[in-house]
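Listed below are the residues making up each chain.
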Amino acid sequence: MPKIIHAISGPRNVSTAIMYSFAQRSGCTVFDEPLYGIYLKDTDVHHPGKEEVLKKWPTSIDRVEKKVASLNDSSEIYLKNMAHHQEKQPLDWVKPSAYIFWIRHPRKVIHSFTKVVDAVKPMDLGLIQQWEQWERLESFNGPKIIVDSDEMLENPRNNLPQICEALNLDWTENMLYWTAGRKNYDGPWWPYWYENVHKSKGFGRPKPMPGKLRNEHEDIVQSTLTIYEQLATNRLKFK
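Presented here is an overview of the structure given in this document. (Residues numbered from 1 in each chain as written. Predicted model: local features only at pLDDT ≥ 70, side-chain atom pairs only at ≥ 80, totals over all residues. Heavy atoms only, no water.)

Some details on the pairing of strand E3 (residues 76–82)
Thinking step 1. The buried fraction of E3 is high, at seven of seven residues.
Thinking step 2. Burial along E3 is two-sided: the residues Glu76, Tyr78, Lys80 and Met82 and Ile77, Leu79 and Asn81 are all buried.
Thinking step 3. In this structure, strand E1 (residues 3–9) lies alongside E3, joined through seven bridges in parallel fashion. Within the sheet, the bridge partner assigned to His6 lies in E3 and is Leu79.
Thinking step 4. Judged from the five bridges that link them, strand E2 (residues 28–32) and E3 form a sheet pairing that is parallel. (Buried < 20%, exposed > 50% of the residue type's maximum accessible area, 1.4 Å probe, protein only. Helix = DSSP H or I, 4+ residues; strand = E, 2+ residues; numbered from the N terminus. Pairing = 2+ DSSP bridges.)

Let's talk about the pairing of E1
Thinking step 1. Summarising burial for E1: six of the seven residues are buried, a large majority.
Thinking step 2. Bridging between E1 and strand E4 (residues 98–103) involves five bridges; their strand directions are parallel. Its bridge partner lying in E4, Ile8 is registered against Phe101.

Focus on the sheet that holds strand E5 (residues 144–148)
Thinking step 1. The five strands are arranged E2-E3-E1-E4-E5 in an open sheet whose pairing can be described as parallel. A strand with exactly one partner marks an edge of an open sheet, and here the two such strands are E2 and E5. This sheet shows a mean twist of 20° between the axes of neighbouring strands, independent of strand direction.
Thinking step 2. Here E4 runs beside E5; their pairing, made up of five bridges, is parallel. Considered in E5, the bridge of Ile103 is made with Asp148.
Thinking step 3. Across the sheet, helix H6 (residues 127–136) is in contact with E1, E4 and E5; its angle to E4 comes to roughly 155°. (Axes fitted to C-alpha atoms, helices over the stretch in contact; angles between N-to-C directions. Contact = heavy atoms within 4.5 Å.)

Let's talk about the environment of Met82
Thinking step 1. Its location among the elements puts Met82 in strand E3.
Thinking step 2. On the basis of relative accessibility, which here comes to 3%, the residue Met82 falls in the buried class.
Thinking step 3. When the C-alpha atoms of Met82 and Gln130 are compared, they prove to be 8.9 Å apart, with 48 residues separating the residues in sequence.
Thinking step 4. In contact with Met82, not counting residues within four places along its chain, are Ser9, Gly10, Pro11, Ser15 and Glu33.

Regarding the pattern of salt bridges
Thinking step 1. For the structure on display, the rule yields 16 salt bridges.
Thinking step 2. The shortest N-O distance in the salt bridge between Lys41 and Asp42 comes to 3.0 Å.
Thinking step 3. For Asp42, a relative accessible area of 47% corresponds to the partly exposed category.
Thinking step 4. Note that Arg157 and Glu173 form a salt bridge whose closest N and O atoms lie 3.2 Å from each other. Of this pair, Arg157 sits in helix H8 (residues 156–166) while Glu173 sits in the loop between H8 and helix H9 (190–193), and the two are 16 residues apart along the sequence.
Thinking step 5. Looking at Arg157, the relative accessible area reads 42%, which means it is partly exposed.
Thinking step 6. Several salt bridges share partner residues, and in doing so they unite Asp32, Glu33 and Lys80 into one network. (Salt bridge = Lys/Arg side-chain N within 4 Å of Asp/Glu carboxyl O.)

Next comes the structure, spelled out in structure tokens:
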């Protein structure tokens, strides 16, 4: 059976670049946002590319489970999942070997997210759902870590090996680099969200903290900041 690394992130958390990094591991297959089709089908959100996602991506938990089961020839499976996508879903739809929660300061998330979708609500950031899901996994006996994406970006060569160690994975320097351009494992929403990451061949430096946002967006920052800080107190601290 493959090791399943279930990554639970919010949007704009450097999660696609991290998925590209894990895809460089020998024998590792990645699955881009497995529950996105279910989320779009079951909500009234109107993200760009919605109709194509609904046509090409699983729209039920059963179909997601079958997709994951079809990857059993891999030695590892990395699931790049969004916390708000599985808000109303059971956590046991997959049996992971390890969990990794990726977090990022809400001001940075909103600043990036609203470049594509201007209308944003606190629940769109995933932080509220991440905290709830983190608490629900209290009894999980395997590795379970929280990582601040920007802290990882400060020194990927130093920090990624520590992440692998915490997840009981072997480290490989292949995780530091990938080829530029579209990947065959990109979700069908890639034209709207992946322009910058397709220019990359490795991790860039963390972006500076944006200045104060528009009032309605800054209100969301303040309403989610405490939850971000609660998650951050449990984060993996790099040496």
